[in-house]
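The lines below spell out each chain.
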Amino acid sequence: MAREAKSLNEITQEAIRMLCREIGVVNTVRFINQFTTGFGNYTEERKEQLGDLTLDEIVSEIKRARAQPES
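From a predicted model like this one, the values you see are computed outputs, not experimental measurements.

## Details of the overall build of the protein
Link 1 in the chain: Looking only at helices and strands, the protein has four helices and zero strands in total.
Link 2 in the chain: For the protein, the N- to C-terminal ordering of α and β elements is α-α-α-α.
Link 3 in the chain: For the protein, the C-alpha radius of gyration of 23 Å lies well beyond 11 Å, the compact-globule estimate for 71 residues.
Link 4 in the chain: Going through the 71 residues of the protein one by one, you find that 3% of them count as buried.
Link 5 in the chain: Of the roughly 7200 Å² of accessible surface on the protein, a fraction of 55% belongs to carbon and sulfur atoms.
Link 6 in the chain: Within the protein, one finds 10 positive and 12 negative side-chain charges whose respective centroids are separated by 8 Å.

Next comes the structure, spelled out in structure tokens:
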């Protein structure tokens, strides 16, 4: 008995419905999130935020900021 092939979208929707039914919505979301790759370019964003600071300079800045009382 031959079955008609489903589209990837149909398979995904069916799988999500099955997961929700079997393990619940929260656990389904947690499961799916482990496959999410994120977005952006970490390396470029880091360069923009930190420039040419060394690790020692960053650590020193953190220590200096922690030592200052909050206003």
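## Let's talk about helix 1 (residues 8-23)
Link 1 in the chain: When the terminal C-alpha atoms of helix 1 are compared, their 22 Å separation across 16 residues agrees well with the 22 Å that a helix rising 1.5 Å per residue should span.
Link 2 in the chain: One or two residues past the end of helix 1 sits G24, with phi positive at roughly 90 degrees.

## Regarding the packing of aromatic side chains
Link 1 in the chain: Counted under the stated rule, the structure contains one aromatic pair.
Link 2 in the chain: Ring geometry for F31 against F35: centres 5.2 Å apart, planes inclined by 75 degrees, an arrangement best described as edge-to-face.
Link 3 in the chain: Assessed through its relative accessible area of 37%, F31 is described here as partly exposed.

## As for the environment of M18
Link 1 in the chain: Assignment of secondary structure puts M18 in helix 1.
Link 2 in the chain: Along the primary structure M18 and T28 are separated by 10 residues, whereas in three dimensions their C-alpha atoms are 9.4 Å apart.

## Some words on the pattern of salt bridges
Link 1 in the chain: Counting across every chain of the model gives four salt bridges.
Link 2 in the chain: Note that R21 and E22 form a salt bridge whose closest N and O atoms lie 3.6 Å from each other.

## Some points on a nonpolar patch on the surface
Link 1 in the chain: Together, I16, I23, F31, I32 and F35 give the surface a local cluster of nonpolar side chains, amounting to about 430 Å² of exposed area.
Link 2 in the chain: Secondary structure elements with two or more residues in the nonpolar patch: helix 1 and helix 2 (25-33).
Link 3 in the chain: You can see I23 is positioned in helix 1.
Link 4 in the chain: Exposure remark for I23: the relative accessible area of 38% places this residue in the partly exposed category.

## Some details on the packing of helix 1 against helix 2
Link 1 in the chain: Following both chains from N to C, one finds helix 1 and helix 2 inclined at 130 degrees, their axes separated by 7 Å at the closest point. As judged from the angle between their axes, helix 1 and helix 2 are oblique. Here helix 1 and helix 2 pass one another in a crossing that is right-handed. Listed contacts from helix 2 to I16, L19, C20 and I23 of helix 1 are V25, N27, T28, F31 and I32.
Link 2 in the chain: Of the residues that constitute the contact of helix 1 with helix 2, the class distribution is seven nonpolar, two polar and no charged.

Criteria and cut-off values
Residues numbered from 1 in each chain as written. Predicted model: local features only at pLDDT ≥ 70, side-chain atom pairs only at ≥ 80, totals over all residues. Heavy atoms only, no water. Helix = DSSP H or I, 4+ residues; strand = E, 2+ residues; numbered from the N terminus. Rg over C-alpha atoms; globule rule 2.2 N^0.38 Å. Buried < 20%, exposed > 50% of the residue type's maximum accessible area, 1.4 Å probe, protein only. Areas by Shrake-Rupley, 256 points an atom, 1.4 Å probe, with all protein chains shown as cover. Lys, Arg positive; Asp, Glu negative; His and termini not counted. Charge placed at Lys NZ, Arg CZ, Asp CG, Glu CD. Expected span 1.5 Å × (residues − 1). Phe/Tyr/Trp six-rings, centres within 6.5 Å; stacked < 30°, edge-to-face > 60°. Salt bridge = Lys/Arg side-chain N within 4 Å of Asp/Glu carboxyl O. Patch = residues over 30% accessible without salt bridge, like charges linked within 9 Å, V, L, I, M, F, W, Y side chains within 5 Å. Axes fitted to C-alpha atoms, helices over the stretch in contact; angles between N-to-C directions. Parallel < 35°, antiparallel > 145°, perpendicular 65-115°, else oblique. Left-handed = near helix turned anticlockwise from the far one by under 90°. Contact = heavy atoms within 4.5 Å. Nonpolar A, V, L, I, M, F, W, Y, C, P; charged D, E, K, R; others polar.

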